[in-house]
Amino acid sequence: MAIKLALRDALNEAMSEEMRRDENIFLMGEEVAEYNGAYKVSKGMLDEFGEKRVIDTPIAELGFAGIGVGAAMNGLRPIIEFMTWNFAVLAFDQIVNNAAKTLSQSAGQFNCPIVFRGPSGAAGQLAQQHSQTFESWMANVPGLKVISCIDPADAKGLLKAAIRDNDPVCVMESEMMYALELHQGDNGERTYFFPSSQKVWKADGSIIVEGQDHIIPIGKAVYRRRGTDVTLVSFNKMVLEALDAAEELAKEGISAEVIDLRTVRPIDYATIVESVKKTNRLVVIDESWPLAGISSEVAYVVQKDAFDYLDAPILRINAADTSLGYAPTLVEAYMPNPTKIIKAVKQVMYQKA
């Protein structure tokens, strides 16, 4: 069965299906109700579920995150939407010191089944305070699980898994990707594209199963493209940059395998190591800053567990080690892109760029 699905619609479906299934689930955040969500992810949900389950809040992230944590400790299953994870900095005390530690501090007496979700990462010319990538920050905290996936079908299944999980889960989305559409044919081939763009990415994938049983396990990576010469590992919107680079590399006879982590706590190290044992080369693409990022963690584990299989040093492509400026030229220089990825691939293959 051919499927067409946009990311914002997939997330909406996940929340709505789960709220129909369990009356203890509710959505809370800025503009999620009357305005249908800042990015229209919660469109129509107020009409269906009412103001007691789709709740508009003041601009007070610390406050409504705290209400969510308390509700979760008392038997409800909140979904807390941040208009952007940049604003969630104000709520880190609740996420890091309360939600993440509830189970251990209560000696196992209280779970905290809560989802914190919203867009992370750069979104065009939004400058320094609105362009930060927080996956590695959250993944560094024991007690949290962290999802970062922009494939619409998989994001739906992962969000449903997060809502059903008894631990706190941070779901990192992408402001730029809410309009990203996935087309998948009967043969399993996936085509990603933006409605306003002619740019297309293609990748292999399994047939999607829609409906309430469409659950993607947290902590399992997926191959977006099979290859034999080099492994490209990424997550969130950088996966599309990796796929774009793989398409260009294929024209030069270089076969790149692309792995989408989908979740960054826990990380599916086994899938990465399996791929590197085949390709013998690894490039990690990570939108966050280079110091102490997910790319550093992946590189460490691969050199530890697959050192004898490596034919070249592991290379990382990260955002520039500075805050993101407003000018489009600075955005271009700051962000990972296919040109930088291709250069790194040729370096690990000992070819001239």
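Residues numbered from 1 in each chain as written. Predicted model: local features only at pLDDT ≥ 70, side-chain atom pairs only at ≥ 80, totals over all residues. Heavy atoms only, no water.

J.: So what exactly am I meant to see when it comes to the pattern of salt bridges here?
T.: As a working rule, side chains carrying opposite charge can pair if their charged atoms are close by. Scanning the model with the defined rule gives 22 salt bridges in all. Notably, a salt bridge pairs Lys-346 with Glu-252, separated by 2.7 Å at the nearest N-O pair. Placement of Lys-346 in helix H13 (residues 338-348) and of Glu-252 in the loop between helix H9 (238-251) and strand E13 (256-260) is noted, with a sequence separation of 94 residues between them. A relative accessible area of 47% means that Glu-252 is categorised as partly exposed. Salt bridges sharing common partners tie together Glu-13, Glu-17, Glu-18, Arg-21, Lys-156, Lys-160 and Arg-164. (Salt bridge = Lys/Arg side-chain N within 4 Å of Asp/Glu carboxyl O. Helix = DSSP H or I, 4+ residues; strand = E, 2+ residues; numbered from the N terminus. Buried < 20%, exposed > 50% of the residue type's maximum accessible area, 1.4 Å probe, protein only.)

J.: Teacher, can you tell me more about the sheet that holds strand E16 (residues 315-318) here?
T.: Within a sheet, adjacent strands bond to each other through the backbone by hydrogen bonds, running parallel or antiparallel. Ordered in space as E11-E13-E12-E15-E16, the five strands form an open sheet in which the pairing is mixed. Edge positions in the sheet fall to strand E11 (222-225) and E16, since each of these pairs with one other strand and no more. Taken pair by pair, the neighbouring strands of this sheet meet at an average axis angle of 25 degrees, ignoring direction. When strand E15 (residues 282-286) meets E16, the two strands line up parallel, connected through four bridges. Across the sheet, residue Val-283 finds its bridge partner in E16, namely Leu-315. Its contacts with the sheet place H9 against E11, strand E12 (230-234), E13 and E15, and it is angled at close to 170 degrees to E13. (Pairing = 2+ DSSP bridges. Axes fitted to C-alpha atoms, helices over the stretch in contact; angles between N-to-C directions. Contact = heavy atoms within 4.5 Å.)

J.: Mind showing me how you'd approach the packing of aromatic side chains here?
T.: Centre-to-centre distance and the angle between the planes together describe a pair of aromatic rings. Inspection of the entire model under this criterion finds seven aromatic pairs. Between Tyr-39 and Tyr-178, the aromatic rings sit 5.1 Å apart at their centres with planes inclined by 25 degrees, giving stacked as the arrangement. In this pair, Tyr-39 sits in the loop between strand E2 (25-29) and helix H2 (45-49) while Tyr-178 sits in the loop between strand E7 (169-173) and strand E8 (181-184), placing the two residues 139 residues apart along the sequence. A residue is classified by how much of its surface remains accessible, and Tyr-178, at 1% relative accessible area, is buried. For the pair Phe-64 and Phe-82, a centre-to-centre distance of 6.1 Å together with 35 degrees between the ring planes defines the contact as tilted. Linking Phe-64 in helix H3 (residues 61-73) with Phe-82 in the loop between strand E4 (77-81) and helix H4 (85-88), this pair joins segments that are 18 residues apart in sequence. On the basis of relative accessible area, Phe-82 is assigned to the buried category, the value being 1%. Three or more aromatic residues joined by ring pairs form one cluster here, namely Phe-64, Phe-82, Trp-85 and Phe-116. Geometry around Tyr-35 places Lys-40 over its ring, the cationic atom sitting 3.6 Å from the centre. Sitting above the plane of the Tyr-223 ring, Arg-226 keeps its charged end 3.6 Å from the centroid. (Phe/Tyr/Trp six-rings, centres within 6.5 Å; stacked < 30°, edge-to-face > 60°. Lys NZ or Arg CZ within 6 Å of the ring centre and 35° of its normal.)

J.: Could you clarify how one ought to interpret the environment of Phe-235 in this entry?
T.: Structurally, Phe-235 is set in the loop between E12 and H9. Looking at Phe-235, the relative accessible area reads 5%, which means it is buried. For Phe-235 and Ile-259, which are 24 residues apart along the polypeptide, the C-alpha to C-alpha distance reads 8.1 Å. Ignoring sequence-local partners within four residues, the contact set of Phe-235 consists of Glu-135, Ser-148, Asp-260, Leu-261, Arg-262, Val-264, Ile-285, Asp-286 and Ile-294.

J.: How do you make sense of the layout of surface pockets when you look at a structure like this?
T.: Using a probe with the size of a water molecule, rolled over the atoms, empty space left in the structure can be pinpointed. Empty space within the second largest pocket amounts to approximately 300 Å³. Lining of the second largest pocket is provided by 16 residues; of these, Ser-136, Asn-140, Ala-292, Gly-293 and Ile-294 occupy positions nearest its centre. At the level of elements, helix H7 (135-139), strand E14 (263-265) and helix H11 (294-305) are the ones that each hand at least two residues to the lining of the second largest pocket. Of all the elements, H7 adds the most residues to the lining of the second largest pocket, at three residues. For the lining of the second largest pocket, a count of residues per class yields ten nonpolar, four polar and two charged. (1 Å grid on protein atoms, 1.4 Å probe; cavity = no way out; pocket = protein on both sides within 12 Å on 5 of 7 lines; lining within 4 Å. Points joined across faces, edges and corners; volume = space filled by probe spheres on them. Nonpolar A, V, L, I, M, F, W, Y, C, P; charged D, E, K, R; others polar.)

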